[in-house]
Structures are given as C-alpha cells and as structure tokens.
Amino acid sequence: MSIQGQPTPMTRLCTSCYTISSQNLDTLLAKPGDGRRGYSWTTTRKRLHASSTLGCPLCTIIFKHTLKSHYYNVPDCWANAELIGRWKAGDEEMPFTFLYSQHWEVEAGSRVFDKIVIEPDKDRGGKGSGIWLDVAAERDKPASSFVKTRPENLDVNSKAVFDLAKSWISACLGSHDKCSNTSVSLPTRVLDLRAVEGDGLVKLCISQGKMAPYVALSYCWGGPQPAVLTTATLETYILGVPLTSNPQTIKDAILVCRKLGFQYLWVDALCIIQDSPEDKAHEIQKMGYIYSNAILTISASSAKSVKDGFLGKRIRRGEDSQWFLLPFYSGDDNSRSTISARQFTTYQTSSEPLNTRAWALQEDILSPRVLAYDSYRIRWQCKTTSYADGGKINDLVLDLNQTQKLVPFGEVKKGEMFPDALKAWIKIVEIYSTRTATFRSDTLPAVSAIAEYFSHVLGDEYFAGLWESYLPQCLMWFARRSDDYDFSQFRNTNQYIAPSWSWASYNGPAWFGHRFGMPDDIEIHVKVEECSVRRALEDMRFGEVIAGHLTISGFLQPAICSARKQKHQSMEFRVVFGVEEIKPVPLSHSTPKPSTEVPPHPSPETFIFYPDDPRDFLQKQMHLHALLLCSFDSLGAGVRLIAGLVVSKIALGEKEGRELWIRRGLFHGTDRNDNFKGSKKVSITIV
C-alpha cells in the first residue's frame with residue numbers, strides 16, 4: 001500500500017538530520033529499563049531556522065517546537081516581530097538526543113519501535129520538553145519488520161481498506177472471547193440487499209423472527225429525510241425501490257455491506273414507520289436490542305447529514321501531520337530502507353459530526369463492533385480492542401475506553417458506595433450531556449437503551465437519569481464550568497424535560513462529584529424518603545417524563561449567593577451559609593452585568609457554588625437554602641470537605657397547599673467551621 005499524498009522526499013533533509021537518522025537501529029533504540037540511548041548532537045536556533053527555511057522537515061518541527069516552548073507563557077510576544085527575530089538568530093548551543101522509543105508494550109528483547117523521540121539532552125544543559133514523532137513503514141519495505149504501523153490509506157473506498165476491515169471482523173469473530181457472536185433474530189424490518197446487483201432494487205424485508213446476521217447503520221439525519229418509510233410507502237419498499245433513490249449515506253452503507261459480504265442492513269429511517277407513533281414507540285424501545293445484537297455497526301461518523309455520504313477520499317489533518325521520509329538502517333546487513341515520520345498529534349473522535357449527536361452515543365456503546373468512517377481514516381472498536389487504518393490506535397482520544405464499552409461488570413455488592421457499574425454510568429452521562437439532540441424532549445429517550453442495560457446490571461429502579469439505591473451520589477451533578485460563562489447557552493424554554501434534581505433538566509455539559517477528588521467511602525447525610533416520576537408513556541420506563549418529585553430529609557441551612565467578576569470577564573460564584581438576606585446589588589435591566597463587588601460575608605468561610613443557571617443570581621435577589629448531601633476526606637489529606645444542593649422554595653407549592661422546592665445548583669468546599677453543626681434535620685420535596 002502506497003502512502004497517500006507523497007511524503008516529503010529524503011532529499012529535503014539537511015545533512016545533519018540525514019546523518020542523525022542514518023544511525024543503526026541498536027544505537028537509536030531506547031528500551032524500557034535500559035537507561036539512556038540514542039544519538040546526541042548539538043545545534044543552534046540560527047542553524048535550525050536556516051535549515052527550516054530551506055525545507056528540512058525535521059528541523060522545521062524542532063524549530064517550531066522550541067519557539068512555541070520559549071514563548072509559552074508570554075503570549076504578547078507573538079506580536080513582537082523584533083523579539084522573535086532576535087530569538088531566531090541566537091547562537092546559543094542546543095544539545096538534543098534522537099532515539100527510537102518502544103511506546104507500546106513489546107516482548108522482551110524486541111527491536112520493534114513505534115515512536116521517535118527528540119528531547120533536550122539534559123546532561124549537557126539542554127532545556128525544554130521533548131518532541132514525539134509517529135513512525136510508519138510500508139508493508140513491502142525491510143523496515144516493516146521493525147515498525148508495525150502502516151501509513152493510512154486516504155481512499156476508504158479502495159480494495160485495500162475493505163480487505164483491512166474484513167481482517168478486523170474476521171479476527172474479532174474468530175478469536176475475541178469478550179465479543180459476542182451468537183445467532184439472533186432479525187429486527188422487525190431490515191433492508192434485503194441481495195437484489196441490489198441484479199435489478200438495482202433495495203427491498204424491505206419483514207423478518208418474522210428469521211435468524212440471520214445483520215448490520216446496523218449509525219448516522220446523522222441532518223434535517224428532514226429525503227427517503228423514509230411511511231404507512232403509504234410500506235408496500236412500495238417491500239416490492240423494492242431503486243438504489244439510486246436513496247440518499248448518499250445510505251447508498252454508501254449498502255455498498256459497504258455488499259463489499260463485506262452482509263445481506264441485511266437496518267436503517268432507522270427506512271425500517272421504522274416514521275408517521276406511526278405506535279410503531280416508533282415500539283421500535284425505539286427495541287433500540288438496545290437492535291444495536292447490541294448487530295454483527296456490525298457502520299458509523300458514518302464524518303458525515304454531517306444523510307446527503308453527504310462517507311466514502312469520499314480523505315484529506316490530511318494539516319501541515320503538521322504530513323509524512324516525510326527518514327533513512328532507516330537495522331544494522332543487520334548493508335541494506336538500507338526508509339521509514340515515514342510525522343509530528344505526533346492527538347485526534348479527538350468527539351469532534352466527528354456524528355459524535356456530537358445524543359442518539360449516536362448509545363448506538364456506539366451498545367454495538368459489539370463498530371466500523372467508523374472518521375474524517376481522516378477508518379477506525380475499528382470492539383469490546384476487546386481498538387484499531388485504526390495504519391495500526392494500533394495511539395493518537396486517538398476516544399470518548400470511552402474499553403472498560404466502558406459495556407463489557408460485563410463485576411457483581412454489585414450491597415452497601416458499596418460507587419460500584420464500577422455506577423462509575424461507568426456517571427462517565428457515560430458526563431459524555432452524553434456534551435451532545436445535542438434536535439429535540440430537547442429526546443434527552444432521556446436518547447439514552448434509554450443504555451439505561452435499560454444498567455438497570456439489569458445494578459438491579460435498580462430508574463428515575464429520570466438517576467438510580468434509586470444511589471440517589472444521593474447521583475444528585476451530586478453540577479453544571480460544568482468554563483473560564484467564562486456563555487450566557488447564550490442557557491436558553492429560555494418552557495418545555496418540561498425532567499425534575500430539577502435530574503441532570504437531564506440542565507441543557508448543557510454536566511459533571512459529577514468525583515471531580516472534587518471524592519473518594520469511594522463518602523459519608524451520606526441525607527435520607528431519601530420518596531422518589532417518583534410520571535412518564536409520558538407508562539410502559540416506557542426509561543423514556544420521557546412529564547413530572548417528578550423527590551422527598552428527602554437532611555440538614556438545611558439558609559444561604560446567600562455572591563458573584564464576583566474575575567480576570568478575563570469570567571465569573572466566580574460562591575455561597576455563604578447562615579444568612580437569609582443581603583442588600584440587593586443593583587443590576588442593569590438589559591444584558592446581565594454582574595457586580596464586581598462581593599457582598600460582605602457574615603462568615604469567613606465560603607463555598608464554591610455551581611449554579612444550574614447563573615442568570616438567576618445576576619438579575620434578582622433569591623432566598624436560598626443549602627442541603628448537606630455528603631462529607632469526605634480530601635484524598636487522604638485529612639481535610640474535611642462537604643458537598644450538597646442549593647435549593648429555594650417555589651410559589652407553585654403555595655398554590656398546592658404544600659411546600660415545594662427547586663434545585664438551584666451544587667456547592668462544595670472545606671468545612672472548617674462545621675457549618676451544619678446544630679442544624680435540625682428537615683424533610684423537603686424537590687420538584
């Protein structure tokens with residue numbers, strides 16, 4: 001397989017870099033525990049800049065890295081051309097070491113390597129941080145015995161890429177014990193692809209319990225669908241519709257299935273009757289079954305819409321990720337070879353269009369095997385391993401690691417505060433809450449299949465995203481804070497999504513208490529007396545809710561909130577206990593402009609406050625209370641920390657003749673003054 005987009009030829013290397021990288025393997029190889037290895041040399045900023053100007057790719061990488069490192073903490077210097085010019089012309093010697101690194105685990109004595117590391121030679125006064133380079137070798141080169149990574153193929157519609165995908169599927173089905181491979185019945189309806197090559201028709205098959213492997217498609221709708229199954233088109237699809245009548249993403253998925261040898265494909269738009277509420281409700285309940293039992297899920301991760309398709313030729317990520325050639329000499333004989341290298345950069349799979357969508361998360365997590373068509377290459381993920389075209393994934397920051405791809409969890413022990421399954425659920429919620437759905441009402445339905453799975457693992461009742469046996473732990477979510485509050489993200493809506501105590505009620509990224517360094521052995525200070533939700537459809541236990549309340553007893557203190565404007569316009573919110581009222585702070589009647597003055601605190605101890613909606617505390621005075629949820633030692637440091645809810649009474653309760661409360665946020669901090677000492681336990685109902 002040839003490298004797509006010719007790499008920079010070795011003729012562009014300067015004499016120094018050619019000499020360095022021509023050293024034999026045993027000189028350059030740094031093995032774990034072997035101590036320092038590699039080839040040392042000395043250069044200057046002036047020589048690096050000159051060589052970079054002439055096009056040496058290695059000198060360019062080193063020069064850019066040292067420049068950025070030098071001015072890392074002085075951002076204003078980027079505008080000072082004279083200062084940077086003087087830095088480029090510097091004659092100060094800079095000692096470096098060039099070495100091959102065994103970043104992956106390899107067998108003892110192995111000469112395989114997967115990284116090049118260029119680092120300052122600290123023994124000779126070198127300063128700064130090291131540089132990592134990816135390496136790859138083409139399969140037919142002698143260097144391929146020592147470098148197992150191959151350059152990725154940018155033509156994802158090529159025979160080489162389909163052969164690679166087939167090898168991943170075959171290896172998983174044949175040797176992965178964790179990955180299920182059992183015969184299951186087909187979903188209610190699937191597309192039968194047998195006739196595509198003959199008369200060009202795609203036919204809808206009513207499965208009637210037939211047993212056969214099938215593929216599921218995960219993709220972005222991207223707006224109204226040009227082709228959907230309806231009560232009016234049902235018979236037409238059963239008879240068959242031309243392949244050309246389908247949007248590009250579905251046509252691409254059909255092509256992939258045919259190339260990989262699969263007959264049946266499930267696509268939601270064409271296998272669920274879209275204008276039938278009954279059929280949609282019935283099939284959505286089965287989403288967990290559909291994806292978890294598919295032999296393969298094709299993820300059209302790079303396509304923003306069903307019209308885009310996903311088999312187009314890929315492009316490189318940018319200038320810094322361009323391959324260039326380096327000489328390679330194993331030292332075993334006189335033969336010389338080449339390897340490809342490029343600057344190491346991580347790639348966030350969460351940036352793919354599909355991976356920003358709420359519904360797609362459970363499709364990915366529940367699927368035992370995913371073949372993803374990312375923007376730059378194809379990628380494989382199953383319950384056992386992850387790969388990308390080119391070799392083992394080592395530059396991807398995945399949404400979930402393998403332990404969170406729903407492999408079997410250990411037994412949930414009674415009294416265990418944070419069993420592994422609960423930690424996995426919390427991690428999934430944190431990721432899920434960063435994603436968006438076209439309709440806010442889909443917030444709970446779009447994660448319902450995962451919730452159903454966890455209900456069996458935890459053996460527990462589910463209330464709008466929280467688990468009955470772990471309600472205090474699940475209540476410790478908070479609005480993820482950024483350096484500055486973007487008030488536009490707090491969109492006003494009268495649509496009811498979930499009770500205020502559920503993370504689903506917050507329209508944005510949510511984090512949980514473990515972010516405070518919370519250990520597993522926290523002390524809970526509340527008792528849940530009753531929790532109830534009313535579902536939109538009673539037989540959909542994990543779906544949309546239309547009402548809910550939580551009655552909880554614990555220590556309650558009156559509190560006030562203060563807001564402080566910090567550097568760069570960011571906001572800091574604090575809460576102070578033991579005071580019911582403060583002098584109102586004048587605010588503009590237009591866009592919220594928080595005061596720079598913090599009201600005088602009656603106590604020297606304040607707590608960090610994460611408001612669910614900061615606008616509530618910028619525009620009006622509010623009577624607040626703090627409810628203590630838990631206490632814990634800070635990572636064994638002997639410092640007592642506490643965390644709890646900030647709540648307020650609402651007028652709705654007065655109309656109903658009872659006292660009702662609403663959650664306003666979460667607080668946490670050190671409790672040096674034992675702020676809740678002497679407080680009486682009270683019972684409140686939060687809606």
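Summary of the structure given here. (Residues numbered from 1 in each chain as written. Predicted model: local features only at pLDDT ≥ 70, side-chain atom pairs only at ≥ 80, totals over all residues. Heavy atoms only, no water.)

1. A look at the overall build of the chain
A count of helices and strands for the chain gives 17 helices and 32 strands. Classification of the 687 residues of the chain by burial places 54% in the buried group. Pairs at least 24 residues apart make up 72% of the contacts formed inside the chain by residues separated by at least 6 positions. When the accessible surface of the chain is split by element, carbon and sulfur atoms take 49% of a total near 31,600 Å². (Helix = DSSP H or I, 4+ residues; strand = E, 2+ residues; numbered from the N terminus. Buried < 20%, exposed > 50% of the residue type's maximum accessible area, 1.4 Å probe, protein only. Contact = heavy atoms within 4.5 Å. Areas by Shrake-Rupley, 256 points an atom, 1.4 Å probe, with all protein chains shown as cover.)

2. Topic: unusual backbone geometry
Although it is not a glycine, Gln-208 sits at a positive phi angle of roughly 50 degrees. Mapping Gln-208 onto the fold places it in the loop between β7 (201–206) and β8 (215–218).

3. Looking at the pairing of strand β29 (residues 624–633)
The element β29 is largely enclosed, with a buried count of 9 among its 10 residues. Bridge count for strand β24 (residues 523–524) against β29 is 2 bridges, and the pairing is antiparallel. When the bridges of β29 are listed, Glu-523 appears paired with Ser-631. Taken together, the 8 bridges between β29 and strand β30 (residues 640–649) define a ladder with antiparallel strand orientation. The residue of β30 that forms the bridge with Cys-630 is Ala-643. (Pairing = 2+ DSSP bridges.)

4. Things to note about the pairing of strand β3 (residues 93–101)
When you tally the buried positions in β3, you get 8 out of 9 residues, the bulk of the element. Pairing analysis gives 2 bridges linking strand β1 (residues 29–30) to β3, with the strands arranged parallel. Pairing of Ala-30 across the sheet is with Ser-101, part of β3. Bridging between strand β2 (residues 39–44) and β3 involves 6 bridges; their strand directions are antiparallel. Bridge pairing in β3 places Thr-44 opposite Glu-93. Pairing analysis gives 6 bridges linking β3 to strand β4 (residues 115–120), with the strands arranged antiparallel. Across the sheet, residue Phe-96 finds its bridge partner in β4, namely Pro-120.

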